[in-house]
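Residue-level structure breakdown
Residue-level listing of the chains:
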Amino acid sequence: MKKKIDYMLDTCICSFIMRELPIAVLEKLQSVVSKQHRIVISVITYQEMQFNLLGKKASPKHAVLVSEFLKRVDEILPWDKEAVDATTKVKKQLMAKGTPIGNNDTAIAGHAIATGCVLVTNNTREFSRVDGLKLEDWVQLSSESKLQGGCKPEPPKIPSSQYG
């Protein structure tokens, strides 16, 4: 029996899944789920998603998309001592190399390392700087890979049949 893998989705990949674009991301997600691997997010990603629901640009339809998405992940991994220690180690390593990344990305990378997850991101430019981090870029599987390094490919696609 093959070992089950925990795939930790970063915030951009969560956005792509909610937008239902690019299709390669959805196909890879379906493949992973069909093999009974786990789909998780860091509590840091959860926080970013919740913060994006605040403010003048917040949309009630987007809130529904986020809520429905969160029902489908296997777990929101809690922040603990091991995550803090791994994040501190990542931060120290990046500082020593002079190649820092954002604080939330540093925390997500540390959290993935601490929990043994494969981090799914299209932000490989930043995350590839982190030693010991297992990465997969599901966006690069797509011919629509003009999305490299960014989180905003197109306006959200909200299927009216699903979320009315």
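The numbering scheme is per chain: residues are counted from 1 as the chain's sequence reads. Where local features are concerned, this predicted model is filtered to residues with pLDDT of at least 70; where side-chain atom pairs are given and counted, the filter is 80 or more; whole-chain, interface and lining totals use all residues. Side-chain numbers here rest on the full set of heavy atoms in the structure, without hydrogens or water.

A separate point is the overall build of the protein chain. Elements are defined by DSSP. Helices are runs of H or I of four residues or more, strands are runs of E of two residues or more, and each kind is numbered from the N terminus. Regarding its fold elements, the protein chain presents eight helices and five strands. Written out in order from the N terminus, the α and β elements of the protein chain read β-α-α-β-α-α-β-α-α-β-α-β-α. Per-residue burial over the protein chain gives 41% buried out of 164 residues. Should any heavy atoms of two residues lie within 4.5 Å, those residues are considered in contact. Long-range contacts, defined here as pairs at least 24 residues apart, represent 70% of the contacts in the protein chain between residues at least 6 apart. Throughout, the Shrake-Rupley method with a 1.4 Å probe supplies accessible areas, and for residues the shown protein chains are the sole cover considered. Entry remark: accessible area of the protein chain is about 9,300 Å², with carbon and sulfur atoms responsible for 54%. Only protein chains enter the accessibility calculation, which uses a 1.4 Å probe. A residue is then buried if its area is under 20% of the maximum for its type, exposed if over 50%, and partly exposed in between.

Before going further, it helps to spend a moment on the confidence of the model for the protein chain. The predictor attaches a confidence to each residue, and that confidence, scored 0 to 100, is pLDDT. Chain-level statistics for the protein chain give a pLDDT mean of 89 and a share of 85% at 70 or above. Scored below 50 in pLDDT, residues 144–148 shows 12 contacts in the model against residues more than four places distant or in partner chains. Low pLDDT (under 50) marks residues 153–164, which in the prediction has 17 contacts with non-local residues, meaning those over four places away or in another chain.

Salt bridges are counted wherever a side-chain nitrogen of Lys or Arg sits within 4 Å of a carboxyl oxygen of Asp or Glu. Evaluated as defined, the whole model comprises eight salt bridges. In this structure, arginine 38 and glutamate 75 form a salt bridge, with 2.8 Å as the shortest nitrogen-oxygen distance. A residue pair is termed long-range when its members are at least 10 positions apart, and arginine 38 in strand S2 (residues 38–42) and glutamate 75 in strand S3 (residues 75–77) qualify at 37 residues. Note on arginine 38: relative accessible area 28%, which makes it partly exposed. The class of glutamate 75 is partly exposed, set by a relative accessible area of 31%. Glutamate 126 is the salt-bridge partner of arginine 129, the closest N and O atoms lying 3.9 Å from each other. Judged by relative accessible area, arginine 129 falls into the partly exposed class, the value being 24%. Since its relative accessible area comes to 15%, glutamate 126 is described here as buried. Here the salt bridges do not stand alone but share partners, grouping Asp6, Arg38 and Glu75 into one network.

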